[in-house]
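# Coordinate inspection notes
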Amino acid sequence: MSNDVVIRLQKLTKVFRDFWLRARVVAVDGIDLEMARGEVLGLLGPNGSGKSTTIKMILGLLFPTSGSVEVLGRSPAHVETKRHIGYVPEESYLYPFLNAEETLDYYGRLFGLDARERRERTATLLDMVGLTEVADRRLGEYSKGMQRRINVAQALINDPDLLILDEPTTGLDPIGTRQIKDLILALRERGKSILLSSHLLADVEDVCDRMAFLYGGKIHRVGTVDELLTVSGNQVIETDTLPETAITRIQEIVEEEGHSVHSVTNPRRRLEQLFLEVVEEARRDGAATSGAGAGGSLAGFLAADAKSQGSK
């Protein structure tokens, strides 16, 4: 397997059978897919399309009925493969009686980190996801959004080469969602490979390099965001606000070329952008909140350069 390919699926199939071993559901049906190193790949599809089953086979939690899976050049069942993967599941599986610090320390122990490294990584990750102020609260008292934040932190405790995110923004408000998207982009800049499964299409559109669409266990389309979303046959020209006389002249020029102006409108900001502006204004005015904090910069141990990435 090439060092530039982190995931390779070949004719991957998963059939779930009943008690008498009769085929009941073909969850994944002969898919072929490759994911490049340093790429953010979006896995899209409605409920029941095969996304979660595919992810579980990539993680080695399910075995294929036929076909093959290679992850980081090895079988996903190999222990060394798992050491270099971070995973945020769709549902939070956390110990509610532990607090945030204890949770990250526990996962750090599973990866064999020494006590000093566990303390340092725990502190930087909690700051990164905005949970420093509530680090001593039991996870059972956390909101769903706060639990998603600690899920992301635990998935990064081992500084993984491959990060798999299954609906990572579920339960997050727009602030947390924006932070997760910014984190994904920052990790990509650091050479991480990220597989993102989501039904929130705006999240995928904002951060992914390529997208793969699943339906009925099959991949129906794969391509870059530009390849799949660019509308051919129309063009948009954006300028400063023009007077009516200038708009009329432009329409005349377009018509002289044998075309027509379909509409003249003012651009709109995205609702997410407005929401974040309102919250930032409230913060500047000193408004308090009892929820998670804004979050800090990317954790230092994740900000390794390409050379140290290759030497792990």
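Residues numbered from 1 in each chain as written. Predicted model: local features only at pLDDT ≥ 70, side-chain atom pairs only at ≥ 80, totals over all residues. Heavy atoms only, no water.

## Topic: helix α5 (residues 144-155)
The cut-off we apply is this: Helix and strand labels come from DSSP, where a helix needs a run of H or I of at least four residues and a strand needs a run of E of at least two; each type is numbered from the N terminus. Residue count minus one, scaled by 1.5 Å, sets the expected span of a helix. A 1.4 Å probe rolled over the protein chains alone gives each residue an accessible area, and that area as a share of the maximum for its type sets the label: buried under 20%, exposed over 50%, partly exposed in between. Every residue pair with non-hydrogen atoms within 4.5 Å of one another is taken to be in contact.
Relative to the 16 Å expected for 12 residues at 1.5 Å per residue, α5 spans 17 Å between its end C-alpha atoms, a close match to the ideal helical length. Buried residues of α5: G145, M146, R148, R149, I150, N151, V152, A153, Q154 and A155, and no others. The secondary structure elements touched by the buried residues of α5 are β5 (85-88), α3 (100-110), α4 (115-128), β6 (162-166) and α6 (174-189).

## Looking at the pattern of salt bridges
Definition in use: Any Lys or Arg side-chain nitrogen located within 4 Å of an Asp or Glu carboxyl oxygen qualifies as a salt bridge.
If you walk through the whole model with that rule in mind, you get 14 salt bridges. Among the ionic pairs, R210 bridges to E39, the shortest N-O distance being 2.4 Å. Of the two residues, R210 sits in strand β8 (residues 210-215) while E39 sits in the loop between β2 (23-36) and β3 (40-44), which places them 171 residues apart along the sequence. Given the relative accessible area of 8%, E39 is considered buried. It is possible to trace a salt-bridge network through shared partners that takes in D105, R109 and R118.

## Section: the environment of T103
Checked against the element boundaries, T103 lands in helix α3. With 19 residues separating them in the primary sequence, T103 and T122 have C-alpha atoms 9.1 Å apart. Not counting chain neighbours up to four residues away, the residues in contact with T103 comprise L94, L98, L139 and I150.

## Observations regarding a negative patch on the surface
Note the following rule: Grouping into patches uses exposed residues only, defined as over 30% relative accessible area, and leaves out salt-bridged ones; the cut-off is 9 Å for like charges and 5 Å for nonpolar side chains (Val, Leu, Ile, Met, Phe, Trp, Tyr). Surface accessibility follows the Shrake-Rupley procedure with a 1.4 Å probe radius. Residue values consider only the protein chains on display as shielding. Charge counting treats Lys and Arg as positive and Asp and Glu as negative, with His and both chain ends excluded. Every charge is mapped onto a representative atom, which is NZ of Lys, CZ of Arg, CG of Asp or CD of Glu.
On the surface, a cluster of negative charge is made up of E252, E255, E256 and E257. Its place among the elements puts E257 in the loop between α9 (244-256) and α10 (271-284). Residue classification places E257 among the exposed residues on the basis of a relative accessible area of 60%.

## Observations concerning the packing of α3 against α4
To keep things clear, this is the line we draw: With axes taken as lines fitted to C-alpha atoms, and helix axes fitted only over the stretch in contact, angles between N-to-C directions fall between 0 and 180 degrees. Each angle is binned into one of four classes, with values under 35 degrees roughly parallel, values over 145 roughly antiparallel, values of 65 to 115 roughly perpendicular, and all other values oblique. Each crossing is labelled by how the near helix is turned from the far one, with a counterclockwise turn of less than a right angle marking it left-handed and a clockwise turn marking it right-handed. Residues are sorted three ways: Asp, Glu, Lys and Arg are charged, Ala, Val, Leu, Ile, Met, Phe, Trp, Tyr, Cys and Pro are nonpolar, and all the rest, Gly among them, are polar.
Two elements in contact, α3 and α4, have axes separated by 9 Å at closest approach and are oriented at 130°. One finds that α3 runs oblique with respect to α4. Handedness of the α3/α4 crossing: right-handed. Mapping the contact onto sequence places A100, E101, L104, D105, G108 and R109 in α3 and R118, T122, L125 and L126 in α4. In terms of residue class, the contact of α3 with α4 is built from 4 nonpolar, 2 polar and 4 charged.

## Digging into the nonpolar core
So the rule is basically this: We define a nonpolar core as any set of buried Ala, Val, Leu, Ile, Met, Phe, Trp, Tyr and Cys residues linked to one another through side-chain atoms lying within 4.5 Å.
Of all hydrophobic cores here, the largest spans 41 residues; its most connected members are L125, M128, L131, I150, L156, I184 and L302. Elements supplying a minimum of two residues to this core: β3, α3, α4, α5, β6, α6, β7 (193-197) and α7 (201-207). A per-element tally of this core places α5 first, with 5 residues. Judged by nonpolar contacts, the second largest core, of 24 residues, contains I31, L43, M57 and L72.

## Overview of the packing of α3 against α5
Relative to each other, α3 and α5 sit at 30°, their axes nearing to 9 Å. Between α3 and α5, the angle falls in the class roughly parallel. For the element pair α3 and α5, the recorded crossing hand is right-handed. For the pair α3 and α5, contact is made by A100, T103, L104 and Y107 and by I150, A153 and Q154, respectively. In terms of residue class, the contact of α3 with α5 is made up of 5 nonpolar, 2 polar and no charged.

## Quick look at the confidence of the model for the protein
What counts here: pLDDT expresses, on a scale from 0 to 100, how confident the predictor is about each individual residue.
Overall, the prediction assigns the protein a mean pLDDT of 85, with 86% of residues at 70 or greater. In this model, residues 306-311 is a region of pLDDT below 50 whose contacts with residues beyond four sequence positions or in other chains number 5 contacts.

## Details of the packing of aromatic side chains
In plain terms, the rule: Here a pair means two rings of Phe, Tyr or Trp (six-membered ring of Trp) with centres within 6.5 Å. Their orientation is stacked below 30 degrees between planes, edge-to-face above 60, and tilted elsewhere. Whether a charge sits over a ring comes down to the Lys NZ or Arg CZ being within 6 Å of the ring centre and within 35 degrees of the ring normal.
For the structure on display, the rule yields 3 aromatic pairs. When the ring of Y95 is compared with that of Y106, the centres are 5.6 Å apart and the planes differ by 90°; the resulting orientation is edge-to-face. Taken together, the positions of Y95 in the loop between β5 and α3 and Y106 in helix α3 put the pair 11 residues apart, joining distant regions of the chain. Under the relative-accessibility criterion, Y95 is labelled partly exposed at 39%. Ring geometry for Y106 against Y107: centres 5.3 Å apart, planes inclined by 75°, an arrangement best described as edge-to-face. Classification of Y106 as partly exposed rests on a relative accessible area of 31%. The aromatic ring of F16 is capped on one face by K14, whose charged end is 5.5 Å from the ring centroid.

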